[in-house]
Amino acid sequence: MAVPLFDTKRPVAPLRAAIDARIAAVLDGGAFILGPEVAAFEAELAAYLGARHVVAVANGTDAITIALQALGVGPGDEVVVPAFTFYASAEAIPPTGAAPVFCDVDGETMNVTAETVKAALTPRTKAVVAVDLFGNPAPVPEIEALGIPVVEDAAQAAGSRLGGRRTAALGTVGTLSFFPSKNLGCFGDGGAIVTEDDAVAELARTYRFHGSRDKVSYERIGWNSRLDELQAAILRVLLPELDRWCDGRRAAHAAYADAGLWELVTPQAQTNGAEAAWGLQVVRTPHARLLEQALPAAGIGARGYYRTPLHRQQALAPWAQGVELPVTDELADRHLAIPMNPLLGAAEAEEVTAAVRAALRGEAAA
Ligand SMILES: *Cc1c(COP(=O)(O)O)cnc(C)c1O
């Protein structure tokens, strides 16, 4: 049995008729940008998250840039961001005019902590991008307690919780991505800004529409960054399934434990007080490179996502001079994503575990 790294098709298959009907309704309605579907989805997502405002935008990268701008981040400012994350977490910073400053992460949770952020603070620090990596919530309240505004990049963590609160709404400002392989993925690009702050929400609404409030006068240089009506209509069908899918992800994580996988490799540790909805199942092992070759050869999805961490990426070199991040470097070398999806069950967990065991023994996998 082949086990893919992720599966975006099977979970949505039972919803096909409902999705088709909503797409047809949008086509019949004739409104495609910033219409009733986006407004309804924003309200429904805010209710799900227990958040005051949701502003839907074109993707999760724009969501970070616009959230930072709405917080007043601009030229001359610094924004602290972990180097062990997807490129977009940092790429979203320079368009505001601010400079990314890379910080390290905790080796067990793979996330930023108040301590790793503190080490990167300077008098110019204007904000922190705290990433809920692979679905594991970042300790956002502890980072906010440093007194610096936080943008919680929850792109990989829709449906997770920390201390009873939902990710993306752990602090004052959060962002989500609806890229198809994320926990709540649409059928294209999409993203959202989540905030408790009325002024941030108002500015974000302005920035997503060319810096205009009324669509005739232009107060700021903004962006053209909206979620489509079609994607919003689809997301309204998917959102009510999210908690069930997240339960499935947690069950898959438990199935790996039952199969004995954690005797062979070390899973990403949950942040204290967290219930992670694992966007990806990522493990640490000195044999990551070997497994990355051997598992796919045995039909098992496996991939190192961030082998070159952000402070070693060419485009970010201007902001990485002299930066030393030992934990990031070690995780970059030793992490490995293995299959995860809401329907992954005991049989697949046992199959993956057997393939890992065989590869580590140097056997040809069955
Ligand atoms: C996917 C992702 C983003 C960007 O989201 P897009 O919708 O693809 O622009 C940002 N940060 C992290 C951590 C991500 O995984």
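Residues numbered from 1 in each chain as written. Predicted model: local features only at pLDDT ≥ 70, side-chain atom pairs only at ≥ 80, totals over all residues. Heavy atoms only, no water.

Per an unreviewed UniProt entry, the recorded name for the protein is dTDP-4-amino-4,6-dideoxygalactose transaminase, and the organism is Conexibacter arvalis. According to the UniProt record, the Sequence similarities (unreviewed entry) comment for the protein is "Belongs to the DegT/DnrJ/EryC1 family." (UniProt positions renumbered as here; feature names shortened; annotations may be inferred.)

Trainee: Outline the overall build of the protein, supporting the account with residue identities and numerical values.
Mentor: When you go through the protein residue by residue, the secondary structure sums to 12 helices and 13 strands. Whereas a compact globule of 366 residues would reach a radius of gyration of roughly 21 Å, the protein reaches 20 Å, a difference of no more than 12%. For the protein, the spread of C-alpha atoms along the principal axes amounts to about 70 × 55 × 35 Å. Per-residue burial over the protein gives 56% buried out of 366 residues. Within the protein, contacts between residues at least 6 apart in sequence are counted, and of these 69% link residues at least 24 apart. Summed over its atoms, the accessible surface of the protein is roughly 14,600 Å², and 53% of this surface lies on carbon and sulfur atoms. Measuring between centres, the 30 positive side-chain charges of the protein sit 2 Å from its 43 negative side-chain charges. (Helix = DSSP H or I, 4+ residues; strand = E, 2+ residues; numbered from the N terminus. Rg over C-alpha atoms; globule rule 2.2 N^0.38 Å. Buried < 20%, exposed > 50% of the residue type's maximum accessible area, 1.4 Å probe, protein only. Contact = heavy atoms within 4.5 Å. Areas by Shrake-Rupley, 256 points an atom, 1.4 Å probe, with all protein chains shown as cover. Lys, Arg positive; Asp, Glu negative; His and termini not counted. Charge placed at Lys NZ, Arg CZ, Asp CG, Glu CD.)

Trainee: Report on the UniProt feature "active site" (unreviewed entry) in the protein, specifying residues and quantitative values.
Mentor: The feature "active site" (unreviewed entry), as given by UniProt, occupies K182 in the numbering adopted here. Turning to its location among the elements, K182 is positioned in the loop between strand 8 (173-177) and strand 9 (191-195). Once residues lying within four places of it in the same chain are set aside, the contact partners of K182 are A155, Q156 and S177.

Trainee: Could you give an account of the sheet that holds strand 7 (residues 165-166), naming the residues involved and the relevant values?
Mentor: The three strands are arranged 7-6-11 in an open sheet whose pairing can be described as antiparallel. Among the strands making up the open sheet, the edge pair consists of strand 7 and strand 11 (274-275). Of the strand pairs in this sheet, strand 6 (residues 161-162) and strand 11 are connected by two bridges, and their pairing is antiparallel. Residue pairing for strand 11: R161 is matched across the bridge by E275. (Pairing = 2+ DSSP bridges.)

Trainee: Give me the sheet that holds strand 9: which residues, what numbers.
Mentor: Ordered by their spatial adjacency, seven strands build an open sheet running 1-9-8-5-4-2-3, and the pairing between neighbours is mixed. Every interior strand has two partners, whereas the edge strands, strand 1 (53-57) and strand 3 (99-103), have only one. The mean angle between the axes of side-by-side strands here comes to 25°, regardless of whether they run parallel or antiparallel. Note that strand 2 (residues 78-82) and strand 3 share five bridges and pair parallel. Among the inter-strand pairings, V81 is bridged to a residue of strand 3, identified as F102. In the packing of helix 2 (residues 36-49) onto the sheet, contacts are made with strand 1, strand 8 and strand 9, and the angle to strand 1 comes to roughly 135°. (Axes fitted to C-alpha atoms, helices over the stretch in contact; angles between N-to-C directions.)

Trainee: So what about the nonpolar core? Which residues, and what values?
Mentor: Ranked by size, the top nonpolar core spans 60 residues in total, and within it L68, F102 and I193 carry the most contacts. Of all the elements in the fold, those that place two or more residues in this core are strand 1, helix 3 (60-70), strand 2, strand 3, strand 4 (125-131), helix 6 (140-144), strand 5 (150-153) and helix 7 (198-208). In this structure, this core is formed jointly by two domains, domain 1 (13-240) and domain 2 (242-365), each of which donates at least three residues. Setting aside its immediate chain neighbours within four residues, I193 contacts H53, V54, V55, V57, A63, I66, A67, V173, G174, T175 and A204. F41, A46, C186 and I234 belong to the second-largest nonpolar core, a separate cluster that totals 33 residues. (Core = buried A, V, L, I, M, F, W, Y, C linked by side-chain atoms within 4.5 Å. Domains from an automatic or database assignment.)

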